[in-house]
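Observations on chain architecture
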Amino acid sequence: MQHGSSATSVSSNMAAPSPGRCGFFVEKKNRFCKMIVGRGKTFCGEHATMEEGSRSGSRRIICPLDPKHTVSEDKLDKHLRKCNSRERDKPVYYVENINAGSADGDKTVQQVSLCERSRTELESLLDKLRTAVRGLQCDPEDSILSHPVLQEELSNPKNGDSAHKHLKQQSSILGHLEELGLLAGGRCFVEFGAGRGKLSHWIHEALKTRDHLKICEDLQLLLVERCSTRFKVDGKHQEGGVQFERLQVDIQHLDLSKVPLLRQKKLPIVGVGKHLCGAATDLALRCLLETPGLDRETEPPAKRLKTSELAADPGPDSGSLSDDPGPQPGPASDLVPGSGAVLGLAVALCCHHRCEWRHYVGQQFFLQRGLGAAEFSAFCRMSSWATCGLRPTNQNHPSQDPTNQGRDDEVHEAAEETDAVNGFLAAGEREHVGRLCKLLIDSGRLHFLWAKGFKSKLTRYVDAQTTLENMLLTAVPSSSSSSSSS
């Protein structure tokens, strides 16, 4: 219920409510309520008590399930049975915390903000960071690709600046999928953090244009999003036998092996995501590569390395980010899946400051470097300097999101304010440290993929003017992953 508002305090020069809309003036918003009213009514249900002659028994009360809205007291029982905030039956693929990681030691991690740390502590963290990234390739290559299916839309002058930036990112992601041999029919694309589903939309358009709908019978698109989303585009793609399905579930609780659509044809899986914030990336990697019960009938599983073997052979993190000592992969279409049904993935990364140690897949990578949950938490906070380090410490926040993601389907939580460390590092140095933190966190993810039998890589897939969060994580199975199991 909106308080501090009045129906009679409208000035004489204030515009009247729109036809068919509520006549209640909301002082806080300096406008009339926009809710639709019933026939012959002046006010909406929320403000019905303002109606003259309203029945005393129909006063509005706060909904017990969600205090953000109200309900008529005499209709409470009926409302509770259909309220959108009511507890609903869990879907068959909901398995609580299946992808959350182990909670051991999670309670012992004390969250300390940067402003609470002394200068000595900050300098110690920087020393540990420089030691940990030693030997890593600190400058991933640029590979800005495009896909012809988006060319017409990219050239459309009706698209504003924000829409054009999204299209450039989607075009490059599709270009990388094509280059890796992942963009083809006969598989299921799982879009994590799907939002409105634009990435899946363009994947479908690309395959439809190239293969003239021949792939439709063997193409599935799963859109995973924990929140209800407006203006979804997947509802427009129900023709031709293409199977679009939206799963409203947190990735943390998603068991892919129990999704009915996947169980029907058991198609191999390609994971995709455009700006998968923080821990959501780790949850998605666990969902793809650690879900028990995924179809493994066609090929034997890849060899799982023991902890002792990981310590003896640290894999890709011993050198550059992309110089894996294992075999070089070819296109994914020519490969045997290295982890059961997963053919590969392409995920645009962002918001490393929202990562969590429990969910993080690179814990072993950190432990090998003498780092733990405390250092990980600090580096996550410092990673925000990569996108706000150029802002002088005494300057206010810019009006736009520092990740340049606009307001479409990518609304990210703000990073920690860096004013508290004013004078500790210059703006350019803070940005460099932030990028090293991101590099270290992402290197742990590369190590995880390598241990699962995948060749993985970090690439700048768009320029910084399009988005400061311009890193793409790709992976395909190593060509010998199936033979290694023997």
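Here we summarise the structure given alongside this text. (Residues numbered from 1 in each chain as written. Predicted model: local features only at pLDDT ≥ 70, side-chain atom pairs only at ≥ 80, totals over all residues. Heavy atoms only, no water.)

A closer look at the pattern of salt bridges
Two side chains that carry opposite charge are able to pair once their charged atoms sit near each other. The final tally for this structure, using the stated rule, is 15 salt bridges. Lys457 serves as the salt-bridge partner of Glu141, at 2.5 Å between the closest nitrogen and oxygen. Here Lys457 lies in strand β10 (residues 454–460) and Glu141 lies in the loop between α2 (119–132) and α3 (151–154), a separation of 316 residues in the sequence. Residue classification places Glu141 among the partly exposed positions, given a relative accessible area of 38%. Residue Lys457 is classed as partly exposed on the basis of its relative accessible area, which comes to 29%. Between Arg460 and Asp142 there is a salt bridge, with its nearest N and O atoms 2.6 Å apart. With Arg460 in strand β10 and Asp142 in the loop between α2 and α3, this pair connects stretches of sequence that are 318 residues apart. Counted as one network, the salt bridges with shared partners bring together Asp282, Asp442 and Arg445. (Salt bridge = Lys/Arg side-chain N within 4 Å of Asp/Glu carboxyl O. Helix = DSSP H or I, 4+ residues; strand = E, 2+ residues; numbered from the N terminus. Buried < 20%, exposed > 50% of the residue type's maximum accessible area, 1.4 Å probe, protein only.)

Re the sheet that holds strand β8 (residues 269–277)
On the basis of which strands lie adjacent, the open sheet formed by seven strands has the order β7-β6-β5-β8-β9-β11-β10 and mixed pairing. Two strands in the sheet have a free side with no partner beyond their single neighbour: β7 (243–247) and β10. Each strand of the sheet is rotated relative to its neighbour by a mean of 15°, with strand direction disregarded. Along the sheet, helix α7 (residues 279–289) contacts β5 (187–192), β8, β9 (342–350), β10 and β11 (471–477); its crossing angle with β8, the most-contacted strand, is approximately 170°. Lying over the sheet, helix α12 (residues 427–451) contacts β9, β10 and β11, oriented at roughly 155° with respect to β10. (Pairing = 2+ DSSP bridges. Axes fitted to C-alpha atoms, helices over the stretch in contact; angles between N-to-C directions. Contact = heavy atoms within 4.5 Å.)

Observations regarding the packing of aromatic side chains
As enumerated under the stated definition, the model contains nine aromatic pairs in all. Ring geometry for Trp357 against Tyr360: centres 6.4 Å apart, planes inclined by 40°, an arrangement best described as tilted. Their ring planes at 80° and their centres at 5.5 Å tell us that Phe366 and Phe376 sit as a pair that is edge-to-face. In this pair, Phe366 sits in helix α9 (residues 363–368) while Phe376 sits in helix α10 (residues 373–382), placing the two residues 10 residues apart along the sequence. Summarising the burial analysis for this pair, Phe366 and Phe376 share the class buried. One aromatic cluster is present, built from ring pairs that chain together Trp357, Tyr360, Phe365, Phe366, Phe376 and Phe379. (Phe/Tyr/Trp six-rings, centres within 6.5 Å; stacked < 30°, edge-to-face > 60°.)

A word on the side chain of Lys274
Here Lys274 shows up in strand β8. Judged by relative accessible area, Lys274 falls into the buried class, the value being 7%.

Considerations on a positive patch on the surface
Positive charge collects at one region of the surface, where Arg21, Lys28, Lys29 and Lys34 lie side by side. Relative to the helices and strands, Arg21 resides in the segment before β1 (25–26). For Arg21, a relative accessible area of 36% puts it in the partly exposed group. (Patch = residues over 30% accessible without salt bridge, like charges linked within 9 Å, V, L, I, M, F, W, Y side chains within 5 Å. Areas by Shrake-Rupley, 256 points an atom, 1.4 Å probe, with all protein chains shown as cover. Lys, Arg positive; Asp, Glu negative; His and termini not counted. Charge placed at Lys NZ, Arg CZ, Asp CG, Glu CD.)

Describing the nonpolar core
Core analysis: the largest hydrophobic core is formed by 37 residues, its most contacted members being Phe192, Leu222, Ile251, Leu254, Leu256, Val259 and Leu449. The dominant element in this core, judged by the number of residues it contributes, is α7, at seven residues. Counting 30 residues, the second-largest nonpolar core is a separate cluster that includes Leu182, Leu207, Leu223 and Tyr461. (Core = buried A, V, L, I, M, F, W, Y, C linked by side-chain atoms within 4.5 Å.)

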